[in-house]
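Understanding the architecture of this molecule
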Amino acid sequence: MSENEKFERRVSNSMKAFEFFCRGYIENARSDKDMAQVVQNFKASIREDPAFWGAYYNLGTAYYN
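Residues numbered from 1 in each chain as written. Predicted model: local features only at pLDDT ≥ 70, side-chain atom pairs only at ≥ 80, totals over all residues. Heavy atoms only, no water.

A separate point is helix H4 (residues 53–64). Relative to the 16 Å expected for 12 residues at 1.5 Å per residue, H4 spans 17 Å between its end C-alpha atoms, a close match to the ideal helical length. For H4, the full list of buried residues reads Gly54, Ala55, Asn58, Leu59 and Ala62. For H4, the buried positions fall inside an angular range of 130° around the axis, keeping them on one side. Exposed residues on H4 whose side chains face more than 90 degrees from its buried face are Tyr57, Tyr63 and Tyr64. Considering only its buried residues, H4 is in contact with helix H2 (15–29) and helix H3 (35–48). (Helix = DSSP H or I, 4+ residues; strand = E, 2+ residues; numbered from the N terminus. Expected span 1.5 Å × (residues − 1). Buried < 20%, exposed > 50% of the residue type's maximum accessible area, 1.4 Å probe, protein only. Arc of directions from axis to C-beta. Contact = heavy atoms within 4.5 Å.)

Structural data, given as structure tokens:
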């Protein structure tokens with residue numbers, strides 16, 4: 001991946017993707033979180049905007065945890 005491609009993957013221009021990302025992020029911060037819901041929200045965010053690197057990162061973190 002070139003430096004320009006990495007730079008282009010830094011944010012999302014899709015409000016729908018950002019909405020799913022926020023839902024996943026908020027659910028993941030809860031003490032009684034539903035990990036299936038967290039993963040589903042991050043995957044939905046990626047479906048809406050495949051270039052949204054933050055969703056990939058948080059999805060990986062959710063799987064790791």
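So that's the structure; there's more coming.
With that settled, consider the packing of aromatic side chains. Enumeration over the complete set of coordinates arrives at 4 aromatic pairs. Both rings, one in Phe21 and one in Tyr25, keep their centres 6.0 Å apart while their planes meet at 25°; by these two values the pair is stacked. One end of the pair is Phe21 and the other is Tyr25, both in helix H2 and 4 residues apart, which spans about a single turn. Plain terms: the ring middles of Phe21 and Phe42 are 5.7 Å apart, the flat faces sit at 50° to each other, and that makes the pair tilted. Of this pair, Phe21 sits in helix H2 while Phe42 sits in helix H3, and the two are 21 residues apart along the sequence. An aromatic cluster is defined as three or more aromatic residues linked by ring pairs; in this entry it consists of Phe18, Phe21, Tyr25, Phe42 and Phe52. (Phe/Tyr/Trp six-rings, centres within 6.5 Å; stacked < 30°, edge-to-face > 60°.)

Running from N to C, H3 and H4 cross one another at 160°; their axes reach a closest spacing of 9 Å. In terms of orientation, H3 lies roughly antiparallel with respect to H4. Once H3 is placed against H4, the crossing between them reads as left-handed. In this structure, H3 uses Met35, Val38, Val39, Phe42, Lys43, Ser45 and Ile46 to contact H4, whose residues at the interface are Ala55, Tyr56, Asn58, Leu59, Ala62 and Tyr63. (Axes fitted to C-alpha atoms, helices over the stretch in contact; angles between N-to-C directions. Parallel < 35°, antiparallel > 145°, perpendicular 65-115°, else oblique. Left-handed = near helix turned anticlockwise from the far one by under 90°.)

Attention shifts here to the pattern of salt bridges. Two side chains of opposite charge can pair, provided their charged atoms sit close to one another. Considering all chains together, one arrives at 3 salt bridges under this definition. With its nearest N and O atoms 2.5 Å apart, the salt bridge here joins Glu19 to Arg23. You can see Glu19 and its partner Arg23 sitting in helix H2, 4 residues apart, about one turn around the helix. Across the pair Glu27 and Arg30 runs a salt bridge whose closest N-O atoms are separated by 3.4 Å. For Glu27, a relative accessible area of 13% corresponds to the buried category. (Salt bridge = Lys/Arg side-chain N within 4 Å of Asp/Glu carboxyl O.)

Purely geometric numbers; function is a separate question.
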